[in-house]
Structures are given as structure tokens and as C-alpha cells.
Amino acid sequence: MLAEAEEAGRLIARAGAALATGGLGGVMESASRGARDEGGVVIGILPGEDKSAANEYVNVPIATGFGIGRNIVLARTADALIAIGGQYGTLSEIAYALQMGKPVCGIGTWDIEGVVSVSDAAAAVSTVYKMLEDCG
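Criteria and cut-off values
- Residues numbered from 1 in each chain as written.
- Predicted model: local features only at pLDDT ≥ 70, side-chain atom pairs only at ≥ 80, totals over all residues.
- Heavy atoms only, no water.
- Helix = DSSP H or I, 4+ residues; strand = E, 2+ residues; numbered from the N terminus.
- Rg over C-alpha atoms; globule rule 2.2 N^0.38 Å.
- Buried < 20%, exposed > 50% of the residue type's maximum accessible area, 1.4 Å probe, protein only.
- Contact = heavy atoms within 4.5 Å.
- Areas by Shrake-Rupley, 256 points an atom, 1.4 Å probe, with all protein chains shown as cover.
- Lys, Arg positive; Asp, Glu negative; His and termini not counted.
- Charge placed at Lys NZ, Arg CZ, Asp CG, Glu CD.
- Patch = residues over 30% accessible without salt bridge, like charges linked within 9 Å, V, L, I, M, F, W, Y side chains within 5 Å.
- Salt bridge = Lys/Arg side-chain N within 4 Å of Asp/Glu carboxyl O.
- Polar contact = N/O pair within 3.5 Å; in protein donor to acceptor, adjacent residues only side chain to side chain.
- Expected span 1.5 Å × (residues − 1).
- Pairing = 2+ DSSP bridges.
- Axes fitted to C-alpha atoms, helices over the stretch in contact; angles between N-to-C directions.

Observations regarding the overall build of the protein
- Broken down by element type, the protein carries five helices and six strands.
- Starting at the N terminus, the α and β elements of the protein follow one another as α-β-α-β-β-α-β-α-β-β-α.
- Against the globule reference of 14 Å for 136 residues, the protein gives a C-alpha radius of gyration of 13 Å, in line with a compact fold.
- Seen along its three principal axes, the alpha-carbon backbone of the protein occupies a region of about 35 × 30 × 30 Å.
- Out of the 136 residues belonging to the protein, those deemed buried represent 39%.
- Across the protein, the fraction of contacts at a sequence separation of at least 24, relative to all contacts at a separation of at least 6, is 42%.
- Element-wise, carbon and sulfur atoms account for 53% of the exposed surface of the protein, whose accessible area totals about 6900 Å².
- Of the side chains in the protein, 9 bear a positive and 16 a negative charge, and the two mean positions are spaced by 5 Å.

So this is what it looks like as C-alpha cells:
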């Protein structure tokens, strides 16, 4: 999953979009690394009050102090969501994004109505861009 996240970050940056993540480790850090390696803007929506908690690839840390409530801020910030793996925090982000009518693609994540399951980062990025075009 980490390699797919890094590739998704790269592809998002190459497309000229900013990447917004939860700003911490794991998949979030891998996506951030990919985006920064391509010169992209990486926004970290952090759960705590300390901006320095962001992974080293985040260049716009936002310390919300909201704990898991930051998930709604992340869903609201994004134009679309690509969920890669994940647990309950990812599930809540998916639910918020779907409730807001935003496109959601998933790689190895929750199998729920509204999430378009794809096999890899390239398919995820191209699918969310197509979904955004269809919405707008």
C-alpha cells in the first residue's frame, strides 16, 4: 500500500493539484513523499495542536487540535478522496466525503456503496479526475 500511496502522491502533483492528507506517518507520509518529490504542495491536516508533528514532506501543516474530528476538515478540504488501505479513520473520511457528494476511489480499502474500487494509483487518480469532470 505504501508504494501505491507514494505513486498517487506523485501523480496528483504532476497533475498540478495539491495533496491533502492527515499529515502523519504510514500511507499519509508515503503519499506526501511522492507529491513533494514531484515539487507538489502537500497539506497536512493534523489532529493535534503541534505543527511539528507533521511528516517531513508536509509543507503546509494545519494543526487543528480536533483529534479525529480533523477527518471532516480533510474531507471538506479535498475535491475528491483516494482511500488507500486504512482503518476507521479512513472509513470516517470516506463517509464524510460521500455525504458531501465528493468522488471517492479506493485501493484495498472499505468495500462500501459509493466507493469506486480500483487496482492501483494510476487508475485511482485518473478515475477521480474523470469523476470530477463528470460532476462539473
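After that view of the structure, there is still more to cover.
Considering a nonpolar patch on the surface
- Taken together, Val-41, Val-60 and Ile-62 make up a surface patch of nonpolar side chains, about 200 Å² in accessible area.
- Here Val-41 lies in the loop between helix H2 (27-37) and strand S2 (42-46).

Quick word on the pattern of salt bridges
- By the definition in use, this model includes six salt bridges.
- Residue Asp-37 is joined to Arg-10 by a salt bridge in which the shortest nitrogen-to-oxygen separation is 3.8 Å. With a gap of 27 residues between them, Asp-37 in helix H2 and Arg-10 in helix H1 (residues 2-14) connect regions that are remote in the sequence.
- The network of salt bridges with shared partners includes Glu-6, Glu-7, Arg-10, Arg-33 and Asp-37.

Topic: the side chain of Thr-64
- Residue placement: Thr-64 occurs in the loop between strand S3 (60-63) and helix H3 (70-77).
- Relative accessible area serves as the criterion here: at 15%, Thr-64 is assigned to the buried category.
- Here the side chain of Thr-64 touches Leu-46 through a polar contact of 2.6 Å, landing on its backbone oxygen.

Here's the deal with helix H5 (residues 121-135)
- In this model H5 runs 21 Å from its N-terminal to its C-terminal C-alpha over 15 residues, within 8% of the 21 Å that 1.5 Å per residue would give.
- Against the buried residues of H5 lie H1, strand S4 (81-84) and strand S5 (104-107).
- Of the residues that open H5, the one with a side-chain oxygen 3.3 Å from the backbone nitrogen of Ala-122 is Asp-120.

Concerning the sheet that holds S3
- Spatially, three strands are ordered S1-S2-S3 in an open sheet, and the strand pairing comes out parallel. At either end of the open sheet lies a strand with only one pairing partner, and these are strand S1 (19-21) and S3. Here the average twist between neighbouring strands, direction ignored, is 15 degrees.
- Direction of pairing for S2 relative to S3: parallel, over a ladder of four bridges. Bridge assignment links Leu-46 to a residue of S3, and that residue is Ala-63.

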